[in-house]
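An overview of the molecular structure
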Amino acid sequence: VEEPLHFVCTHGRRDVCCSRLGMPVFQALREVAGERVFQTSHLGGHRFAPLILTLPLGASFGRVTEAEAAALDEAARRGELYSVEKLRGIHPYTAEEQIALRRALLSGADFKDFSVVQEDELITVQSSGITRRYRIRRQPGELRMVSCGAAPSRITRFIVDELQHE
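Only a predicted model underlies this, so the values are computations on that prediction, with no experimental measurement involved. (Residues numbered from 1 in each chain as written. Predicted model: local features only at pLDDT ≥ 70, side-chain atom pairs only at ≥ 80, totals over all residues. Heavy atoms only, no water.)

Re the sheet that holds strand β6 (residues 114-119)
Spatial strand order, β6-β7-β8-β9: four strands in an open sheet with antiparallel pairing. Either end of the sheet is taken by a strand with one partner, and the two such strands are β6 and β9 (153-165). This sheet shows a mean twist of 25° between the axes of neighbouring strands, independent of strand direction. The pairing of strand β8 (residues 130-144) with β9 spans eleven bridges and is classified as antiparallel. If you follow Arg-135 over to β9, its bridge partner there is Asp-161. Packing against the sheet, helix α3 (residues 95-106) makes contact with β6, β7 (122-127), β8 and β9, and its axis sits at approximately 120° to β8. (Pairing = 2+ DSSP bridges. Helix = DSSP H or I, 4+ residues; strand = E, 2+ residues; numbered from the N terminus. Axes fitted to C-alpha atoms, helices over the stretch in contact; angles between N-to-C directions. Contact = heavy atoms within 4.5 Å.)

As structure tokens, then:
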């Protein structure tokens, strides 16, 4: 495969939002990317439906609209992230590493040139000669809808301290 692949969660039995919001995005992506787009079941993160996994970037994006389909595919063709704001994760990083990486990307880190190292609660992101360190801790969070039609459940809250930016 020489071009990026997109996997759109459309699994309505798992979460109706994935089907209701995912199918229109799947169809819009299919119009611009053809056979490089697939429907898939559970990708996680229902509250961010529709969720799209783009390979080989290993990046997941949430709440993407039909109008954004062409721009998402074009960014993937260039080997770039479509949107840091809509970024829901980069595989295979842990949740804490993804949070640190997303913070670093929002402050100007280069997606094509980065490294992530985790030591206990401390995570270091290096990019383009800049080092950013974060302490990230988990705490029980508030009750929140995590899925369409589901009862609210307690989420995990991440507390982030930026320790260094040089």
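Section: unusual backbone geometry
Residue Ala-49 is joined to Pro-50 through a cis peptide bond whose omega torsion reads -5°. Its place among the elements puts Pro-50 in the loop between β2 (37-40) and β3 (51-55). A cis amide bond links His-91 to the next residue, Pro-92, at an omega of 20°. Take Pro-92: it is sitting in the loop between β5 (87-90) and α3. Of note, the phi angle at Arg-63 is positive, near 55°, even though the residue is not glycine.

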